[in-house]
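Structural overview for review
Spelled out, the chains give:
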Amino acid sequence: MTNQTYPLGQRNVKRLGYGAMQLAGPGVFGPPRDRDEALAVLRAAVAAGVDHIDTSDFYGPHVTNQLIREALSPYPQDLVIVTKIGARRGADGSWLPAFARDELVAAVEDNLRNLGRETLDVVNLRLMFDAHGPAEGSLAAPLAVVADLQRQGLVRQIGISNVTPAQIEEARGIAEIVCVQNQYNLAHRDDDAVIDMLAAAGIAYVPFFPLGGFSPLQSAALSAVATELSATPMQVALAWLLQRSPNILLIPGTSSRAHLHENLAAAVLVLPEAAIATLDAIGRPA
Ligand SMILES: NC(=O)c1ccc[n+]([C@@H]2O[C@H](COP(=O)([O-])OP(=O)(O)OC[C@H]3O[C@@H](n4cnc5c(N)ncnc54)[C@H](OP(=O)(O)O)[C@@H]3O)[C@@H](O)[C@H]2O)c1
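Not measured: the values here are computed from a predicted model. (Residues numbered from 1 in each chain as written. Predicted model: local features only at pLDDT ≥ 70, side-chain atom pairs only at ≥ 80, totals over all residues.)

A closer look at the overall build of the protein
From N to C terminus, the protein includes 10 helices and 11 strands. Relative to the 2.2 N^0.38 estimate, which gives 19 Å for 286 residues, the radius of gyration of the protein is 18 Å and therefore close to what a compact globule would have. Projected onto the principal axes, the alpha-carbon positions of the protein cover approximately 55 × 45 × 35 Å. Out of the 286 residues belonging to the protein, those deemed buried represent 46%. Summarising the internal contacts of the protein: among those between residues at least 6 apart in sequence, 73% fall at separations of at least 24. (Helix = DSSP H or I, 4+ residues; strand = E, 2+ residues; numbered from the N terminus. Rg over C-alpha atoms; globule rule 2.2 N^0.38 Å. Buried ≥ 20, exposed ≤ 12 C-beta atoms within 10 Å, placed from the backbone. Contact = placed C-beta atoms within 7 Å.)

A look at the site of the ligand
For the ligand, the set of nearby residues contains 27 residues, the closest of which are Gly-19, Met-21, Leu-211, Gly-253 and Thr-254. Ranked by residues supplied to the shell around the ligand, first place goes to helix 9 (residues 257–264) with three residues. Taken together, the residues of the shell around the ligand sort by class into 10 nonpolar, 13 polar and four charged. (Near = placed C-beta within 6 Å. Nonpolar A, V, L, I, M, F, W, Y, C, P; charged D, E, K, R; others polar.)

Some thoughts on the environment of Ser-138
Of note, Ser-138 is situated in the loop between strand 8 (120–126) and helix 4 (140–151). Between the C-alpha atoms of Ser-138 and Glu-170, which are 32 residues apart in sequence, the distance is 7.8 Å.

So, the packing of helix 3 (residues 101–115) against helix 4
One way to put it is that helix 3 packs onto helix 4 with a least axis distance of 10 Å and a crossing angle of 40 degrees. Between helix 3 and helix 4, the angle falls in the class oblique. Helix 4 is crossed by helix 3, and the crossing has right-handed handedness. Every residue of helix 4 that contacts helix 3 at Arg-101, Leu-104, Val-105 and Val-108 is listed here: Pro-142, Val-145, Val-146 and Leu-149. (Axes fitted to C-alpha atoms, helices over the stretch in contact; angles between N-to-C directions. Parallel < 35°, antiparallel > 145°, perpendicular 65-115°, else oblique. Left-handed = near helix turned anticlockwise from the far one by under 90°.)

Concerning the pairing of strand 9 (residues 155–161)
For a regular strand, the rule is simple: side chains alternate between the two faces of the sheet. Burial analysis of strand 9 places six of its seven residues in the buried class, the great majority of the element. Sheet topology note: the strand 9/strand 10 (residues 177–181) ladder contains four bridges and is parallel. Considered in strand 10, the bridge of Ile-160 is made with Val-180. (Pairing = 2+ DSSP bridges.)

What about the UniProt feature "domain: NADP-dependent oxidoreductase" (unreviewed entry) in the protein?
The UniProt entry lists residues 15–282 under the feature "domain: NADP-dependent oxidoreductase" (unreviewed entry), expressed in the numbering used here. Annotated as 40% helix and 14% strand, the span residues 15–282 places its first and last C-alpha atoms 23 Å apart. (UniProt positions renumbered as here; feature names shortened; annotations may be inferred.)

Some remarks on the environment of Ile-168
For Ile-168, the location among the structural elements is in helix 5 (residues 165–172). Exposure remark for Ile-168: the 20 C-beta atoms within 10 Å place this residue in the buried category. Sequence spacing of Ile-168 and Val-180 is 12 residues, and the spatial spacing of their C-alpha atoms is 8.1 Å.

Description of the nonpolar core
Counting residues in each nonpolar core, the largest one holds 84 residues, and the members touching the most others are Ala-204 and Ala-237. The element contributing the most residues to this core is helix 8 (residues 233–244), with eight residues. Filtering out sequence-adjacent residues up to four positions away, Ala-237 remains in contact with Asn-185, Leu-186, Pro-210, Leu-211, Leu-217 and Leu-222. (Core = buried A, V, L, I, M, F, W, Y, C linked by C-beta atoms within 7 Å.)

A look at the packing of helix 7 (residues 220–228) against helix 10 (residues 273–283)
Two elements in contact, helix 7 and helix 10, have axes whose closest approach is 9 Å; the angle formed by their N-to-C orientations is 160 degrees. On the basis of the axis angle, helix 7 is roughly antiparallel to helix 10. When you trace helix 7 past helix 10, the crossing you get is left-handed. Judged by residue contacts, Ala-221, Leu-222 and Val-225 of helix 7 engage Ala-275, Thr-278, Leu-279 and Ile-282 from helix 10.

Comments concerning helix 4
Side chains that are three or four residues apart share a direction in an α-helix, a result of its 3.6 residues per turn. The terminal C-alpha atoms of helix 4, which comprises 12 residues, lie 16 Å apart, in line with the 16 Å expected from a rise of 1.5 Å per residue. Of the residues making up helix 4, those classed as buried are Pro-142, Leu-143 and Val-146. The buried residues of helix 4 occupy an angular sector of 100 degrees when projected down its axis, which confines them to one face. Turned more than 90 degrees from where helix 4 packs its buried face, Ala-140, Ala-141 and Arg-151 sit exposed. (Expected span 1.5 Å × (residues − 1). Arc of directions from axis to C-beta.)

Here you go:
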């Protein structure tokens, strides 16, 4: 079994958390298809011991944060809620950059109000130079705004998302960075070197789309390993991430309690060396 907790800044959290994005409506826009199930998923996550939930006020917008508040407030002492700012939604559901000082301040205020908190545990500055993947550009100006909000006591800890190695270095010169949230999974491994660098620095790496995101992972090799271990492919994909590096914290997203429990059970799935070798080969560049 892999280590079960890792520091997210000042707080130790379990390595398997929960990502709330799937609780909003189709396209992460508007209300959920099944509101009662969305509330039940959140309550079931905490009841099962989840102490790290990832969200944003731009999911919905406002929808997931309002669901989190309704389901879980007053919040358990040990629950760390991580949110992100830097984007806003167009009337058509599009994802637009929102990096001006007033937009960042408004985003923190929206998160505080909709979550019902006086301080946000962790705020990720989500870069939008390219909405779909890391792209170069200075984050100094928007990160200085987040650092200012931290000094005012509205933000406890700071992370960054959708970033390049150069932006991680730049950010660490401006503020203490407790986590990096980029796309990474069994089949999408651009960040291999970044993960190792962050592990050496004691910084958490939180992969988004750990299960492949909007198109969940599909691979004959993954399915074969899962069958051999009497597990599901999604459990194997999560277990592979857990063994990949001790600083990886997982936030798989789901809108169903059945999938939630299936995913959380991956924490105790042990992958034999041969299975790891097979899985490693899936994402290795040809
Ligand atoms: N920083 C960023 O830019 C960024 C971007 C995207 C996401 N995120 C964060 O990362 C979290 C995780 O990403 P994600 O939710 O988009 O993708 P994900 O965790 O890779 O996958 C979610 C998808 O997998 C399905 N799924 C989950 N568990 C399953 C299971 N056991 N069996 C079969 N299907 C399963 C879900 O459908 P069901 O609902 O049917 O289970 C959903 O379609 C989000 O919740 C969000 O908090 C951050």
